[in-house]
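Residue-level structural notes
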Amino acid sequence: MPEIKGVFSQARRLDQVEGMAREAIALMLDVAPHSFDVDVQPDLPQEVTRARRARSELRKAEESAEEATVTAARALLAKGYTVRDAGALLGISPQRVSQLRRVS
C-alpha cells in the first residue's frame, strides 16, 4: 500500500488481499476497518489483459450472432420455410428454431 507510508501486508490469495489491506490500514491509522474504501488493482501480465479482452469480444460476438440468428430464423419462417428447413439452413436444430420464433 504505497499510498500510506509504513503500511505493509501479505496475502496468499487474491481474494484475501482486501481484508488484509483493510486490517493493516485500520491498525496503522487507528480507524474502523470499514470506515474507508479499498481498491485492489493487481498488476496483471499482458497475457491476462489480452485474454480478458478476447473473452469480452467473444461475448459480444455471441450476442450479435444470436440476434442475427433470431432475425434470420424469423425471416425464413415468414417466407414459408419449415422449421426443419430453417434449422438446416442456419445450422441449428428445428427445436432451436421453434424457440427463436418465440423470443421477444
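Residues numbered from 1 in each chain as written. Predicted model: local features only at pLDDT ≥ 70, side-chain atom pairs only at ≥ 80, totals over all residues. Heavy atoms only, no water.

1. Structural notes on the layout of surface pockets
Gaps left between atoms are located by rolling a probe of water-molecule size over the structure's atoms. Keep this limit in mind: Cavity and pocket criteria rest on a 1 Å grid covering protein atoms alone: a 1.4 Å probe that fits but cannot get out defines a cavity, protein on both sides within 12 Å along at least 5 of 7 lines defines an open pocket, and an atom within 4 Å of a point defines a lining residue. Grid points are joined across faces, edges and corners, and a volume is the space filled by probe spheres set on the points. Under the grouping applied here, Gly and all other residues not named as nonpolar or charged are polar, the nonpolar ones being Ala, Val, Leu, Ile, Met, Phe, Trp, Tyr, Cys and Pro and the charged ones Asp, Glu, Lys and Arg.
The space that makes up the largest pocket amounts to roughly 510 Å³. If you go around the largest pocket, you meet 22 residues; those closest to its centre are M1, V17, A21, D39 and V40. In the lining of the largest pocket, the residues fall into 14 nonpolar, 3 polar and 5 charged.

2. Notes on the nonpolar core
So the rule is basically this: To define a nonpolar core, start from buried Ala, Val, Leu, Ile, Met, Phe, Trp, Tyr and Cys residues and group those joined through side-chain atoms within 4.5 Å. To sort residues, take the accessible area from a 1.4 Å probe on protein chains only and compare it with the maximum for the residue type: under 20% means buried, over 50% means exposed, and anything in between is partly exposed. Secondary structure elements follow DSSP: runs of H or I no shorter than four residues count as helices, runs of E no shorter than two count as strands, and numbering proceeds from the N terminus. Here, residues are in contact when the closest pair of their heavy atoms is within 4.5 Å.
With 8 residues, the main nonpolar core is built from V70, A73, L76, L77, V83, A86, V97 and L100. Secondary-structure elements contributing two or more residues to this core are α2 (46–78), α3 (83–90) and α4 (94–102). Among the elements that take part in this core, α2 stands out by supplying 4 residues, more than any other. Excluding residues within four positions of it along the chain, L76 makes contact with Y81, A86, L89 and L90. One finds A24, I25, A26 and F36 within the second-largest nonpolar core, a separate group that totals 5 residues.

3. As for the confidence of the model for the protein chain
Residues shown with low pLDDT carry predicted positions that ought not to be read at fine detail. The condition is simple: What pLDDT expresses is the predictor's confidence in each residue, scored from 0 to 100.
Looking at the protein chain as a whole, its pLDDT mean stands at 94, while 99% of the residues score no less than 70. Mean pLDDT values for the elements of the protein chain range from 93 in helix α1 (residues 14–29) up to 98 in α3.

4. A closer look at α1
For an α-helix, 3.6 residues make a turn, and residues three or four places apart therefore share a direction. Put simply, the rule reads: Expected helix span is given by 1.5 Å per residue-to-residue step, counting one fewer step than there are residues.
Between its first and last C-alpha atoms α1 spans 23 Å; for 16 residues at 1.5 Å apiece the expected length is 22 Å, and the two agree. Buried residues of α1: A21, R22, A24, I25 and A26, and no others. Within two residues after α1, D30 carries a phi angle of roughly 55°, on the positive side.

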